[in-house]
Amino acid sequence: PLTGCATWFGSYAVFWTKATTTVIGGNPVLGNPFRTISYRYGAIDAQAWCAVPGGSMFFMSSQGLVEISSPDSGGVRVVSNDRMPPEMLNIDPATYHVSMAYDSRLRGVHIFQTKISSVANVAHWFYKIAEEGCPAGFWGQIFHVDVEPFCMCSISESASGLSMSAYTDLVWGGRSGYLYR
């Protein structure tokens, strides 16, 4: 079954199952085909993905954090390799909800893993995207149980939301029912 779908900079759509990633650019009625670009990696949750400036997209698979570098070339690779915290591998979507968002100020990806059925303080992660002179890496984050994120999004000044450079803040819904930033 389908585990998630996303639009990608307004030109592409991405569809995931637990083990596949499929992309389409344009309208399928006009002959644009669906292309499966990975038969190994799929998203584990409907909100376990985010697009980043430069055209890449990240998503959480059961094998770790995966990057799609381009929808045209289909470059799919696991970026976490041996750096991935063990608790972020083989996440059970029936037990944990995973959501992700790009943070333009910190230039990285927040990965929130929240236990669904009980109040438990779980470590969440921030993946710093590699920059010149700064290697990529994971940083642990812990929130008070009431503030623990169930879903998150980037707030944009742009009305269309397509301009990644316009993202100004993150907002998430916590276990308490309130919004936080």
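So, a few notes on the structure that sits alongside this text. (Residues numbered from 1 in each chain as written. Predicted model: local features only at pLDDT ≥ 70, side-chain atom pairs only at ≥ 80, totals over all residues. Heavy atoms only, no water.)

Section: unusual backbone geometry
- The phi angle at N90 is positive, at roughly 50 degrees, despite the residue not being glycine.
- Positionally, N90 belongs in the loop between β8 (76-78) and β9 (96-103).
- Residue class for N90 comes out exposed when judged on its relative accessible area of 63%.
- A positive phi angle is found at R107, which is not glycine, with a value near 55 degrees.
- Along the polypeptide, R107 turns up in the loop between β9 and β10 (108-115).
- Exposure remark for R107: the relative accessible area of 44% places this residue in the partly exposed category. (Helix = DSSP H or I, 4+ residues; strand = E, 2+ residues; numbered from the N terminus. Buried < 20%, exposed > 50% of the residue type's maximum accessible area, 1.4 Å probe, protein only.)

Topic: the sheet that holds strand β3 (residues 21-25)
- The strand order β1-β2-β3-β4 describes an open sheet built from four strands, whose pairing is antiparallel. Of all the strands in the sheet, just β1 (4-8) and β4 (35-38) have a single pairing partner and so form its edges. On average, each strand axis in the sheet is inclined to that of its neighbour by 25 degrees, with strand direction left out of account.
- For β3 and β4, the ladder comprises three bridges, and the chain directions are antiparallel. Residue pairing in the sheet places T21 in a bridge with S38 of β4. (Pairing = 2+ DSSP bridges. Axes fitted to C-alpha atoms, helices over the stretch in contact; angles between N-to-C directions.)

Quick look at the pairing of strand β6 (residues 57-61)
- Counting buried residues in β6 gives five out of five residues, a clear majority hidden from the surface.
- Here β6 shows a buried face lined by M57, F59 and S61 and a second buried face lined by F58 and M60.
- Direction of pairing for strand β5 (residues 49-51) relative to β6: antiparallel, over a ladder of three bridges. Across the sheet, the residue bridging to A51 is M57, located in β6.
- Counting the residues that bridge the hairpin from β5 to β6 gives five residues, and of these G54 lies at a positive phi of roughly 95 degrees.
- As judged from the five bridges shared by β6 and strand β7 (residues 64-68), these two strands associate in the antiparallel manner. For M57, the partnering residue across the bridge sits in β7 and is I68.

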